[in-house]
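So you can see what is in the structure, the chains are spelled out below.
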Amino acid sequence: KRKSITKAQAEEIIGRVNGRLTYEDFDTTDIVIEAVLEKMDLKKRIIADIEKHCMDDVIIATNTSSLSITEMASHATKPEMVIGMHYFSPVPKMPLLEIVKTEKTKDWVIASCYEFGLKQGKTCIVVKDSPGFYVNRILGPYMNECLVMADEGVALDFIDKALLKKGFPVGPITLFDQVGLDIAAHVVGSSEKMIANRPGFKMSYAVVKMFESGRLG
């Protein structure tokens, strides 16, 4: 529709995508990126499944935004093959890709994921495994301040419009909806460890309360 590619090119790209409900054909896969719910037990189970059904040297990447890559890797039989590949929502609009390494991640695994990200047209940064990684250490206080403003009575659409005028690709309130308040609540938990004790800092637990009451955005 936008005339950026032809219909034939579009069909060729879509033709490369195959849906699966099982691990059939995973034994020829070089890299697997899991993007399941932000639950550590579930992530560990998926990693065990990947190791069972894939090649010995398969790269296991997790798209987590708030969970410890090191803890996931410790559950794997080959922790050096586990890495974080944190894509940002909405993925088509956000060029950044956080590649998160642990103390055990092999250099060639990091390099492979970096090259893979470049082929996807992403801007790749390599960061260490730590609470919030790199981006959420910055995004956390920013999003929290927007929630504090909402708590104080500032209109949600006013907050979004103001930040769009500042040049952000998506307003913070819209971003909460797109990411999902379940994930946002997890991020509040990890952000709290970093920022709650800073002098004069006020934490907002609005998304946590909404999540706990079943309101996911």
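One can find the structure itself at the top, above this paragraph.
An account of the accompanying structure is given in this report.

Cut-off values and rules
Here the residue numbers are simple positions, counted from 1 along each chain's written sequence. Whole-chain, interface and lining totals are the exception, using all residues; otherwise, since this is a predicted model, local features are given only for residues with pLDDT of at least 70 and side-chain atom pairs are given and counted only at 80 or more. The side-chain values count all of the structure's non-hydrogen atoms but skip hydrogen atoms and water molecules. Pairing of aromatic rings covers Phe, Tyr and Trp, the last through its six-membered ring, and needs centres within 6.5 Å; plane angles under 30 degrees mean stacked, over 60 mean edge-to-face, and all others mean tilted. Every helix listed is a DSSP run of H or I at least four residues long, and every strand listed is a run of E at least two residues long, numbered separately from the N terminus. Here's how the labels work: a residue is buried when its accessible area is under 20% of the maximum for its type, exposed when over 50%, partly exposed in between, all with a 1.4 Å probe on protein chains only. Counting of polar contacts relies on pairs of N or O atoms within 3.5 Å, with two restrictions inside protein: one atom must be capable of donating a hydrogen and the other of accepting it, and residues adjacent in sequence are counted only when both atoms are side-chain atoms. Throughout, a residue-residue contact means that at least one pair of heavy atoms, one from each residue, lies within 4.5 Å. To count toward a patch, a residue needs a relative accessible area over 30% and no salt bridge; like charges are then connected within 9 Å, while nonpolar side chains (Val, Leu, Ile, Met, Phe, Trp, Tyr) are connected within 5 Å. Every accessible area reported is derived by Shrake-Rupley at a probe size of 1.4 Å, with residue values counting cover from the shown protein chains alone. A pairing counts as a salt bridge when a side-chain nitrogen of Lys or Arg comes within 4 Å of a carboxyl oxygen of Asp or Glu.

## Digging into the packing of aromatic side chains
Counted by the stated rule, this structure contains two aromatic pairs. Summarising the aromatic geometry, the rings of Y23 and F26 are spaced 5.1 Å apart at their centres and angled 75 degrees between planes, so their arrangement reads as edge-to-face. Geometrically, the ring pair formed by Y142 and F168 is stacked, given 4.9 Å between the ring centres and 5 degrees between the ring planes. Linking Y142 in helix α5 (residues 135-151) with F168 in the loop between α6 (156-165) and α7 (172-179), this pair joins segments that are 26 residues apart in sequence.

## Side note on the side chain of T102
Take T102: it is sitting in the loop between β4 (96-101) and α4 (107-119). Among the residues examined, T102 registers a relative accessible area of 10% and is labelled buried. Of the polar contacts made by the side chain of T102, one reaches the backbone nitrogen of K104; its length is 3.1 Å. Leaving out residues up to four positions away in the same chain, T102 has contacts with I69, T70 and D129.

## Considerations on the environment of A185
Inspection of the secondary structure assignment puts A185 in helix α8 (residues 181-195). Look at A185 and you get buried, because its relative accessible area is 11%. For A185 and I159, which are 26 residues apart along the polypeptide, the C-alpha to C-alpha distance reads 20 Å.

## A word on the environment of K119
Take K119: it is sitting in helix α4. Through-space distance from the C-alpha of K119 to that of L96 is 13 Å; in sequence the pair is 23 residues apart.

## Considerations on a nonpolar patch on the surface
Residues Y114, L118 and V126 make up a contiguous nonpolar surface patch of about 250 Å² in total accessible area. With respect to the element layout, Y114 can be found in helix α4. Taking relative accessible area as the criterion, Y114 reaches 33% and is therefore assigned partly exposed.

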